[in-house]
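Read off the chains here:
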Amino acid sequence: MASSEENEMYSKKQWEGCMEIAVQTARTAGQVIREAFKHEKEVSTKSSPVDLVTETDRLVEDLIISSLREKYPSHRFIGEESSAAGEKCLLTDSPTWIIDPIDGTCNFIHSFPMVAVSIGFAVNKELEFGVIYHCLDENLYTARKGHGAFCNGIQLQVSKETADAFTHGDLQRLGCVNYASAAESLTITSHLKDGAQEDMSKALILTEIGAKRDPATLKIFSGNMERLLKAQVHGIRVIGSATLALCQVASGAADAYYQFGLHCWDIAAAAVIIREAGGNVIDTSGGPLDLMSRRIVAAGTVEMAHYIAQEIQTITYERDDHNAN
Amino acid sequence: MSDVWEECMDHGVAAARKAGEVVREALKNEGCMSVMLKSSPADLVTETDQKVESMIISSIKEKFPTHSFIGEESVAAGESSILTDNPTWIIDPIDGTTNFVHRFPFVAVSIGFAVKKELEFGVVYSCMEDKMYTARKGRGAFCNGVQLKVSGQEDITKSLIITELGSNRNPDTVRRVLANMDRLLCVPVHGIRAVGTAAVNMCLVATGGADAYYEIGIHCWDMAAAAVIVTEAGGVVMDVTGGPFDLMSRRLITASSRAIGERIAKELQAFPCERDDGKKEDQL
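All of the points below concern the structure found in this document.

About the cut-offs
Residues numbered from 1 in each chain as written. Chains lettered and ligands numbered in written order. Predicted model: local features only at pLDDT ≥ 70, side-chain atom pairs only at ≥ 80, totals over all residues. Heavy atoms only, no water. Core = buried A, V, L, I, M, F, W, Y, C linked by side-chain atoms within 4.5 Å. Buried < 20%, exposed > 50% of the residue type's maximum accessible area, 1.4 Å probe, protein only. Contact = heavy atoms within 4.5 Å. Helix = DSSP H or I, 4+ residues; strand = E, 2+ residues; numbered from the N terminus. Lys, Arg positive; Asp, Glu negative; His and termini not counted. Salt bridge = Lys/Arg side-chain N within 4 Å of Asp/Glu carboxyl O. Polar contact = N/O pair within 3.5 Å; in protein donor to acceptor, adjacent residues only side chain to side chain. Pairing = 2+ DSSP bridges. Axes fitted to C-alpha atoms, helices over the stretch in contact; angles between N-to-C directions.

Turning our attention to the nonpolar core. Counting 95 residues, the largest nonpolar core has A:Ile98, A:Ile132, A:Tyr257, A:Ile273, B:Ile90, B:Val124 and B:Ile229 as the members making the most contacts within it. Every residue in contact with B:Val124, bar those within four places of it in the chain, is listed here: B:Ala108, B:Val109, B:Ser110, B:Lys131, B:Met132, B:Tyr133, B:Ala199, B:Cys203, B:Ala225, B:Ala226 and B:Ile229. Membership of the second largest hydrophobic core comes to 48 residues, among which are A:Met225, A:Ile236, A:Ile312 and B:Met181.

Looking at the secondary structure, you find A:Glu208 in the loop between β10 (204–207) and α8 (215–230). Buried charge without a partner: A:Glu208 forms no salt bridge, and the closest opposite charge is B:Arg193, 4.3 Å away. In terms of polar contacts, A:Glu208 uses its side chain to reach the backbone amide nitrogen of A:Ile239, at 3.3 Å. With residues up to four places along the chain from it excluded, the contact list for A:Glu208 reads A:Phe221, A:Val238, A:Ile239, A:Gly240, A:Ser241, A:Ala242, A:Tyr257, A:Tyr258, A:Gln259 and B:Arg193.

All names here are of chain A. One open sheet holds the 5 strands; their spatial order is β11-β10-β12-β14-β13, and the pairing between them is mixed. In this open sheet, the two edge strands, each paired with only one partner strand, are β11 (235–237) and β13 (280–282). Each adjacent strand pair in this sheet contributes to an overall mean axis angle of 20 degrees, direction not counted. Across 3 bridges, the pairing between β10 and strand β12 (residues 256–260) is parallel. Considered in β12, the bridge of threonine 207 is made with tyrosine 258. The sheet strands contacting α8 are β10, β11 and β12, and the helix crosses β12 at an angle near 160 degrees. Helix α9 (residues 242–251) rests against β10, β12 and β14 (295–299) of the sheet, and its axis sits at about 155 degrees to β12.

By the definition in use, this model includes 31 salt bridges over all chains. Two residues, A:Arg58 and A:Glu55, come together in a salt bridge whose shortest N-O distance is 2.8 Å. In this pair, A:Arg58 and A:Glu55 are both assigned in helix α2 (residues 55–71), 3 residues apart and thus about one turn of the helix distant. On the basis of relative accessibility, which here comes to 32%, the residue A:Arg58 falls in the partly exposed class. Salt-bridge contacts for B:Asp85 lead to B:Lys117; the nearest nitrogen and oxygen are separated by 3.1 Å. Taken together, the residues B:Asp85 in the loop between α3 (72–76) and β4 (88–95) and B:Lys117 in the loop between β5 (108–115) and β6 (118–126) connect sequence positions 32 residues apart. Under the relative-accessibility criterion, B:Asp85 is labelled partly exposed at 43%.

Residue and element names in this part refer to chain A. Mapped onto the fold, leucine 90 is located in the loop between α3 (80–84) and β4 (96–103). With a relative accessible area of 32%, leucine 90 lands in the partly exposed category. For the pair leucine 90 and histidine 263, spaced 173 residues apart in the sequence, the C-alpha separation amounts to 13 Å. For leucine 90, the residues in contact, after removing those within four places along its chain, are Arg76, Ile78 and Ala324.

The structure is reproduced here in structure tokens:
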């Protein structure tokens, strides 16, 4: 009988093989998407008038799942379009592929050039590896637990941004032009907790809007942005693809990402990539990441992640596993 | 048919490409960039901004010694930003300095050119993506040689809109910026994007990848080149009130159609911004 160590070694080798297949599959899917990008798209809506889907989403997901199922008939699959068709988002101990065939469908429809295929993989409910393929730039982001994160073979490292204390003395030291007027135009808000502002100034933050557009939700969404801008962050960006935005955090080009309304298939691959690049992913409550919770905070440093979690107010979305008993 | 400004435009493209190389080199340097602040803690400038602008201006001055210049860093150092009838180069050496500092991949060199206060050509080089956007009045708009066409979208409820939060951190301004965004999201539009550079945002509209871009608070050097690119791709530029575009007004809407532009104007509430030419409202 094989020892548990031998089993573990066998499993690890097997997951490496799975990851290679995931990479090939992502590239093939990416090519299909690239071709379709140039053409007219037929658009339908899902949970709201701005939650969009196309034939290409369904085609690509079928392509990915059928080619994976052929090689791994005993594995399970959680996919965005299968889920929309009624499949349950149930994560068991079985090896499970967690797939977003087109992350950034709205971008795809508009030919806005930020579209990705995302393939995550979990065993015993632990995320093991992630593959995210930027279909237009052909950038391949990969990470396997314990083996680092890469973009096109180059190792990724998150930013370790924890800004220095923000004082008027710092302004002078930095050689600020028009010092007097800059100092007047600053609003150093006193409501922030001690040290909190220091963590946030100089941060570049990414987020996404989510599918809910009712006034109450938008009030919270804007309120969250307002609070972060008050903390004198360098800027907030919105690119329309959660997985690619999370990859920007992994590469160090952005310091943090937060969102309400994304899905497990947006999180699964990117969480591994960020962790393997040295970053942190947590729940918006400050607790550990909950894959099915529809929300995330990701950052290069744990301080930044927790600060954002403290500042943002929740927008509630139904859990991905809401119908899984 | 010969084009009297063709030589200038070729020079503009060459200067933008060279500047892009300098920017890419600076990004390769492992060390921290030395970052200075201008009007707010979110309004950044680096030595590369200043170096690139000097380089562009001196290369142009050598070939065209009688021409005028409006450049972001020259203006910050006290030069005039008044547009005269003289052939004038309107330059943003690094549009997206915040992105540059973070290595977030949207950074552009923007070179616009006006004669008798009319924009004649525009060059925007998105240097991290190696995308060279160009347009000559009356001759179309291109990206890396491929002709550009706006989406033509007329239905606001099917539109993707780009805007920015800007570098003004005055709480009242921030609230107004967010309120404008909320009103558009409620229409509802398909989505809002913000990549961090006005010039690239406008070029994305020119490609058809987005249906409109609007912002209050940008400068003439952010808009000049890309305004030609969008209009030559079949789009429109207008003031945020729906009135005619004013290069020195610190604001614009650019859109794939007049219908979208005017619909956006209906939702926007403008807030005051000091004009680039220093004129007051009653002097207009």
